[in-house]
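Close look at the chain arrangement
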Amino acid sequence: MTKKIAIVGAGVVGASAAYYLSKEKDIEVTIFDEGIGQGTSAAAGIISPWLSRRRNQKWYRMVKAGAAFYPEFLSEVMDGEPIPKTVYSKVGTLLFKSKYRHLEELLEIGRKRREEAPEIGDLQILSPEEIKLKVPIYTGELSALWASGGAKVDGKELVNLLIEKATQNGATFIQERVENLKPASSGVTISTVQTAYAFDSIVLAVAAWLPTLLEPLGYELDLRPQKGQLAILQLQNTPTAAWPVIMPEGESDIIPFEDGRIVIGATHENDKGFDLEIDSSLLASMVEDSAAQFSTHFEQATIVDYRSGTRAYTSDFSPYYGPVPSLPNVYAASGLGSTGLTAGPLVGKELALLAMDQETQLPLSDYPIEHYIKKINGSKKQD
Ligand SMILES: Cc1cc2nc3c(=O)[nH]c(=O)nc-3n(C[C@H](O)[C@H](O)[C@H](O)COP(=O)(O)OP(=O)(O)OC[C@H]3O[C@@H](n4cnc5c(N)ncnc54)[C@H](O)[C@@H]3O)c2cc1C
């Protein structure tokens, strides 16, 4: 019998889940996405989690596995065709520290982590002259740690590709906001402004917006939105596609994409809720900072675009996913924070496996959804 599964939210997590579920002959997939504020299409695009000093081991295992999963995942999605470089490109990462001994410490950390994560690739400290060979516009004087396994992903292109593949496999995409969901005698009903739909199972991949769907059912969630903005610079006549991801000290990273297009960002704004307004003066000062730290060539470049999106964070910065407590046939993931593009395809696949009653790759007990989503009372009345 055909099983009807809805995916709510088509960022990297929902689109990956939709892709996997759409491959199953006996599953009918419907994807709902409002598309406003999406973290994935705003993301800077860095896939390079190994040299973080965060001590959260469960988080690290997730992002390590997520980064390793990317090439395998995209080869499967492309089914023998080459992976488009506009979607994913392994170009390496340059990580800067103002003190040379901090680079040496990181090199040690990286070498240890490489024992379990060979995908980090080649690791070495590069002099300013060696950095210039990789990125000729470098005008700084610091050395940097080079990790050849770092990659960049264009989140919007990735999601477009996954939705295209899922719809080719027969999935339906509905660009609408889901207003509410309700448990039904068998399965779950969800409603948009226009229509109510019945499904056997639902995957909620709505990131920071999860409370809007679960609070009306009497849940309390540990989750908050964080605003992120970035600027896109255009360098004239500069082939940038093969340049590495550049991570100077501080908030602002530099991610060179095709044809001279350079993404600079992102901000981490905790007091703005779901606001998406662009603060061009804040972004201009971020670009100035990058010019001072990395390349004076950025001073002449034009800012051609801005992006703004929302990240989802739990109070202890840990991600979670699994079956929603006391809500049969509903699965959710959230709290992926600033590394959700890295973990997203793997977490999406995990949600697809759960919706098919199959074993997940990572232990669910490491990402316990019940710590972050608690049923506190009966459902509030929904009109
Ligand atoms: C500026 C910025 C830079 C970042 N840079 C990086 C990076 O370099 N590397 C990295 O690994 N991560 C990065 N991240 C984090 C990463 O982008 C996110 O963690 C990840 O994309 C979250 O994916 P998601 O699928 O869970 O959610 P999202 O991509 O946010 O998608 C959720 C979707 O659900 C939709 N939705 C919500 N409610 C409803 C509803 N009721 N009905 C229908 N649709 C709904 C939204 O419109 C949205 O499209 C960055 C984030 C930001 C904001």
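For the structure given in this document, a descriptive report is provided here.

1. Overview of the overall build of the chain
Within the chain, the regular secondary structure consists of 9 helices and 22 strands. A compact globule built from 383 residues should have a C-alpha radius of gyration of about 21 Å, and the chain, at 21 Å, falls within 12% of that. With respect to the principal axes defined by its C-alpha atoms, the chain has extents near 65 × 45 × 40 Å. Buried positions account for 55% of the 383 residues belonging to the chain. Averaging the coordinates of the 37 positive side-chain charges in the chain and doing the same for the 49 negative ones gives two points 4 Å apart.

2. Notes on the site of the ligand
Neighbouring residues of the ligand: 36 residues in total, closest D33, T40, I46, V178 and T342. Separating an oxygen atom of the ligand from a backbone N or O atom of V13 is a distance of 3.0 Å. Measuring from a nitrogen atom of the ligand, one finds a backbone N or O atom of A44 at 3.0 Å. Those elements that place two or more of their residues in the shell around the ligand are α1 (12-22), α2 (39-42), β19 (302-313) and α9 (340-355). A breakdown of the residues in the shell around the ligand according to their chemical character gives 16 nonpolar, 15 polar and 5 charged. Here the shell around the ligand gathers at least three residues from each of two domains, domain 1 (3-41 + 156-223 + 315-375) and domain 2 (88-151 + 225-313).

3. Section: the pairing of strand β10 (residues 180-183)
Summarising the sheet, β10 and strand β11 (residues 188-191) pair through 4 bridges and their orientation is antiparallel. If you follow N180 over to β11, its bridge partner there is S191. Joining the antiparallel neighbours β10 and β11 is a turn of 4 residues, in which G187 adopts a positive phi near 95°.

4. Section: unusual backbone geometry
Put simply, G265 and A266 share a cis peptide bond, and its omega is 15°. Note that A266 resides in the loop between β18 (261-265) and α8 (280-293). Even without being glycine, D79 reaches a positive phi, approximately 50°. Checked against the element boundaries, D79 lands in the loop between α3 (57-78) and β4 (88-90). Assessed through its relative accessible area of 68%, D79 is described here as exposed.

5. Overview of the packing of α1 against α9
Contact geometry for α1 and α9: axes closest at 7 Å, N-to-C directions at 40°. As summarised for this structure, α1 and α9 are arranged oblique, according to the angle between their axes. Crossing handedness for the pair α1 and α9: right-handed. Here α1 contributes V12, V13, S16, A17, Y20 and L21 to the contact with α9, which in turn contributes G340, L341, G344, P345, V347, G348, K349, L351, A352 and A355. Grouping the constituent residues of the contact of α1 with α9 by class yields 11 nonpolar, 4 polar and 1 charged.

6. Focus: the pattern of salt bridges
Opposite charge on two side chains permits pairing when their charged atoms draw close. With the rule as written, the count across this model stands at 10 salt bridges. With a shortest N-O distance of 3.9 Å, E105 and R101 are connected by a salt bridge. Of the two residues, E105 and R101 both sit in helix α4 (residues 100-114), 4 residues apart, roughly one turn of that helix. Judged by relative accessible area, which is 35%, E105 ranks as partly exposed.

Calculation criteria
- Residues numbered from 1 in each chain as written.
- Predicted model: local features only at pLDDT ≥ 70, side-chain atom pairs only at ≥ 80, totals over all residues.
- Heavy atoms only, no water.
- Helix = DSSP H or I, 4+ residues; strand = E, 2+ residues; numbered from the N terminus.
- Rg over C-alpha atoms; globule rule 2.2 N^0.38 Å.
- Buried < 20%, exposed > 50% of the residue type's maximum accessible area, 1.4 Å probe, protein only.
- Lys, Arg positive; Asp, Glu negative; His and termini not counted.
- Charge placed at Lys NZ, Arg CZ, Asp CG, Glu CD.
- Near = heavy atom within 4 Å.
- Polar contact = N/O pair within 3.5 Å; in protein donor to acceptor, adjacent residues only side chain to side chain.
- Nonpolar A, V, L, I, M, F, W, Y, C, P; charged D, E, K, R; others polar.
- Domains from an automatic or database assignment.
- Pairing = 2+ DSSP bridges.
- Axes fitted to C-alpha atoms, helices over the stretch in contact; angles between N-to-C directions.
- Parallel < 35°, antiparallel > 145°, perpendicular 65-115°, else oblique.
- Left-handed = near helix turned anticlockwise from the far one by under 90°.
- Contact = heavy atoms within 4.5 Å.
- Salt bridge = Lys/Arg side-chain N within 4 Å of Asp/Glu carboxyl O.

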